[in-house]
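# A closer look at the structure
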Amino acid sequence: MELLTPGFGLVVWTVITFLILFFLLKRFAWKPILGAVHDRETSIKSALDSAEAARREMENLQADNERILQEARTERDSIIKEARSMKDKMIADASDEAQAKADQIIKQAQAAILSEKQAAIADIKNQVANLSIDIAEKVVREELSNKEKQAKLVEDMLGDVTLN
């Protein structure tokens, strides 16, 4: 069993070596290690703060983007509504203008028809008058060609004149 238990000298030298090592580490290595840990902690905290600030900035940007997008949608809807209104007005104006032109053309056509009708009536009257004169001339010739009929016609006319 002696193999398992260390000797007293070995334990003393191990404790002395540990204490020297502890003193050297505390004197030369402890401050740089704590400084490095502190620097690392500071850099991690700074990185977390930067990440939080970036997250807040992203939320603000996202909110701004949503607001701008909503404004763009509203403006788009307004432009579309205005364009539709202009289209309807243009269609109504074109329809009114076309109706006015159609009415003007109809009035001109009615005036032309009336003028042509009056000209046709005047022409027919002239033709009827000419035909009446021709017929009267032929009837008078027929009546005047016979002496007895001529004398009777003169007497009838003189009788009409004296009665009036």
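Residues numbered from 1 in each chain as written. Predicted model: local features only at pLDDT ≥ 70, side-chain atom pairs only at ≥ 80, totals over all residues. Heavy atoms only, no water.

To continue, consider the overall build of the protein. Assigned secondary structure in the protein consists of 2 helices and 0 strands. In terms of overall dimensions, the protein is more spread out than a globule: its C-alpha atoms have a radius of gyration of 65 Å, far above the 15 Å expected for 164 residues. C-alpha extents for the protein along the principal axes are approximately 200 × 35 × 20 Å. With 164 residues in all, the protein has 0% of them scored as buried. Of the roughly 15,400 Å² of accessible surface on the protein, 64% is carried by carbon and sulfur atoms. Across the protein, the 23 positively charged side chains and the 28 negatively charged ones have centroids separated by 9 Å. (Helix = DSSP H or I, 4+ residues; strand = E, 2+ residues; numbered from the N terminus. Rg over C-alpha atoms; globule rule 2.2 N^0.38 Å. Buried < 20%, exposed > 50% of the residue type's maximum accessible area, 1.4 Å probe, protein only. Areas by Shrake-Rupley, 256 points an atom, 1.4 Å probe, with all protein chains shown as cover. Lys, Arg positive; Asp, Glu negative; His and termini not counted. Charge placed at Lys NZ, Arg CZ, Asp CG, Glu CD.)

Going through the model one piece at a time under the given rule, you end up with 1 aromatic pair. Ring geometry for Phe18 against Phe22: centres 6.3 Å apart, planes inclined by 25 degrees, an arrangement best described as stacked. One end of the pair, Phe18, and the other, Phe22, are both in helix α1 (residues 8-145), 4 residues apart, so they sit about a helical turn from each other. Residue Phe22 is classed as exposed on the basis of its relative accessible area of 51%. (Phe/Tyr/Trp six-rings, centres within 6.5 Å; stacked < 30°, edge-to-face > 60°.)

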